[in-house]
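Observations on the three-dimensional arrangement
Spelled out, the chains give:
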Amino acid sequence: AKLIKILRAYRSEGHSPESDWSEWVNAKLQQLPSRYVQSAPVDQMAAYLLAIHSLPVKPTHVEARFNQALGVSEYVLITREQTKPGIFMQVAGVLAAMGLQVLEAQIMTLKDGTVWDVFSVHDSDYEGPPSAGRLEEVAKEIQEVVEGRQSVHQMVERRRRMAFGRPFPTGRHPTEVHIDHGVSDAFTVIDVFADDKQGLLFVIAKALVQLDLSIHMARIGTRLDQVADVFYVTNSQGGKIISGEDCEQIQHTLNDAVDQFLVV
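The rules we used
Each chain carries its own residue numbering, running from 1 in the written order of its sequence. Reporting of local features is limited, given that this is a predicted model, to residues whose pLDDT is at least 70; pairs of side-chain atoms are given and counted only at 80 or more, and all residues count toward the totals for whole chains, interfaces and linings. Side-chain figures throughout are based on the complete set of non-hydrogen atoms in the structure, without hydrogens or water. Each helix corresponds to a stretch of at least 4 residues labelled H or I by DSSP, and each strand to a stretch of at least 2 residues labelled E; elements are numbered beginning at the N terminus. Each axis is a line fitted through C-alpha atoms, and for a helix only the stretch in contact is used; angles between axes span 0 to 180 degrees, taken between their N-to-C directions. We call a crossing left-handed when the near helix sits turned anticlockwise from the far one by less than a right angle, and right-handed when that turn is clockwise. By definition in these notes, contact holds between two residues if any of their heavy atoms fall within 4.5 Å. We define a salt bridge as a side-chain nitrogen of Lys or Arg found within 4 Å of a carboxyl oxygen belonging to Asp or Glu. Three exposure classes are used, based on accessible area relative to the maximum for each residue type with a 1.4 Å probe and protein chains only: buried under 20%, partly exposed in between, and exposed over 50%. Picture the helix axis, draw a direction to every C-beta atom, and the arc is the one those directions span. Under the convention used throughout, the expected extent of a helix is 1.5 Å for every residue step, that is, one less than its residue count. Strand pairing is defined by DSSP finding a minimum of two bridges between the two strands. Stacked, tilted and edge-to-face pairs are distinguished by plane angle, under 30 degrees for stacked and over 60 for edge-to-face with tilted covering the rest, among Phe, Tyr and Trp rings (Trp via its six-membered ring) whose centres lie within 6.5 Å. Charge-over-ring contacts are defined here by two conditions on Lys NZ or Arg CZ: a distance within 6 Å of the ring centre and an angle within 35 degrees of the ring normal. As used here, the term nonpolar core means buried Ala, Val, Leu, Ile, Met, Phe, Trp, Tyr and Cys residues forming a set that is joined through side-chain atoms within 4.5 Å.

**So, unusual backbone geometry**
Peptide bonds are mostly trans, and most non-glycine residues show a negative phi. Phi is positive for Asp212, which is not a glycine, with a value near 65°. Mapped onto the fold, Asp212 is located in the loop between helix H8 (200-210) and strand S7 (214-223).

Printed below as a string of structure tokens:
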């Protein structure tokens, strides 16, 4: 009720012509994970919904904030799905190039093609909250890359922060890639278990794009020195990957990409 009230206040001030916020808002919220809807502050959720409503005028919205309770920086991207897959890879590349470690990410694609991505990151350049300038700088870089005004690959090369932190220990865990067809009716689910290293998410996302796979949802988990990343994907035709040969290629490609990155 409070959410609808906030949105109606914007409408009454002439910010939006939406006539029935209740129906419109409910349709959007039903497409989001309930955990995310319940945990997001009402005023922030209202701002995100208004950003979706404004996409025809402002095609990319990036919001940055420091979550004091969790002690992480959060970057929220709201935009339209691109013809070619790669939005997730682009954001992961920007964050990696700027020395940020992704702790968690939520990728949400609505039925109308709206992309709603949330990245929770650790900024090792700051012991506490990053400066407002730092948050704005990262948000600006994300927007420029997503809008095509800057190449994420050139950015990564130019900044060369893909040395990505600490030297990697010799006794590491083997990389594992599992592919599951039964978890979801609409998507193939790919699980990647590997030792953590700053920039690894970009490497995985880049490999998935090179395989011509679209990421529709993802859960990025970091625990101690390992990551457990789960990707819900489809092929270029929008279907599940059923062929055993294709699945084998995905496993080999991801394993090789991760292992080559970790030993550098």
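**A short note on the packing of helix H5 (residues 87-97) against helix H6 (residues 132-146)**
Packing of H5 against H6 leaves a shortest axis separation of 9 Å and a crossing angle of 145°. Here the hand of the crossing between H5 and H6 comes out right-handed. On H6, the residues touching Gln90, Val91, Val94 and Leu95 of H5 are Val138, Glu141, Ile142, Val145 and Val146.

**Regarding the pattern of salt bridges**
Two side chains of opposite charge can pair, provided their charged atoms sit close to one another. With the rule as written, the count across this model stands at nine salt bridges. Between Arg65 and Glu74 there is a salt bridge, and its shortest N-O distance comes to 2.6 Å. Overall, Arg65 belongs to the partly exposed group, its relative accessible area being 21%. Note that Asp125 and Arg134 form a salt bridge whose closest N and O atoms lie 3.6 Å from each other. Sharing partners across several salt bridges, the network here consists of Asp123, Asp125, Arg134 and Glu137.

**Description of helix H2 (residues 21-29)**
Restricting attention to buried positions, one finds in H2 the residues Trp21, Trp24, Val25, Lys28 and Leu29. Summarising the axial view, the buried residues of H2 lie within an arc of 125°, below the 170-degree limit, and thus occupy one face.

**Considerations on helix H4 (residues 42-53)**
The end-to-end C-alpha distance of H4, which contains twelve residues, comes to 16 Å, matching closely the 16 Å that a straight helix rising 1.5 Å per residue would cover. Residues of H4 that are buried include every one of Gln44, Met45, Ala46, Tyr48, Leu49, Leu50, Ala51 and Ile52, and no others.

**Quick look at the pairing of strand S1 (residues 60-67)**
Counting buried residues along S1, six of its eight residues qualify, which places the element largely inside the surrounding structure. Where S1 meets strand S2 (residues 72-80), eight bridges bridge the pair, whose relative direction is antiparallel. From the neighbouring strand, Ala64 faces S2, where its bridge partner is Tyr75. Here S1 folds back onto S2 in antiparallel fashion, the turn holding four residues, of which Gly71 has a positive phi close to 70°.

**As for the packing of aromatic side chains**
For the coordinates displayed, the defined rule picks out five aromatic pairs. Ring centres 5.8 Å apart and planes at 80° place the aromatic pair Tyr48 and Trp116 in the edge-to-face group. With Tyr48 in helix H4 and Trp116 in strand S4 (residues 114-123), this residue pair connects regions lying 68 residues apart in the sequence. Its relative accessible area of 2% is what places Tyr48 among the buried residues. Judged by its relative accessible area of 0%, Trp116 falls in the buried class. A centroid spacing of 6.4 Å and a plane angle of 90° characterise the contact between Phe187 and Tyr232, whose relative ring orientation is edge-to-face. Of the two residues, Phe187 sits in the loop between strand S5 (176-180) and strand S6 (188-195) while Tyr232 sits in strand S8 (residues 226-234), which places them 45 residues apart along the sequence. A relative accessible area of 17% means that Phe187 is categorised as buried. Through successive ring pairs, a cluster of aromatic residues spans Tyr36, Tyr48 and Trp116. Over the face of the ring belonging to Phe261 we find Lys197, whose NZ or CZ atom lies 4.8 Å from the ring centre.

**Notes on the nonpolar core**
Counting residues in each nonpolar core, the largest one holds 56 residues, and the members touching the most others are Phe88, Leu95, Ile142, Ile190, Phe231 and Leu254. Among the elements that take part in this core, H5 stands out by supplying nine residues, more than any other. When neighbours within four sequence positions are excluded, Leu95 is seen to be in contact with Tyr75, Leu100, Val102, Phe119, Val121, Val138 and Ile142. In terms of nonpolar packing, the next biggest core, distinct from the first, is built from 24 residues, Leu3, Leu32, Leu49 and Ile52 among them.

**What about the side chain of Ser120?**
Structurally, Ser120 is set in strand S4. Residues in contact with Ser120, not counting those within four places in the same chain, are Val72, Ser73, Glu74, Gln101, Val102, Leu103 and Glu104.

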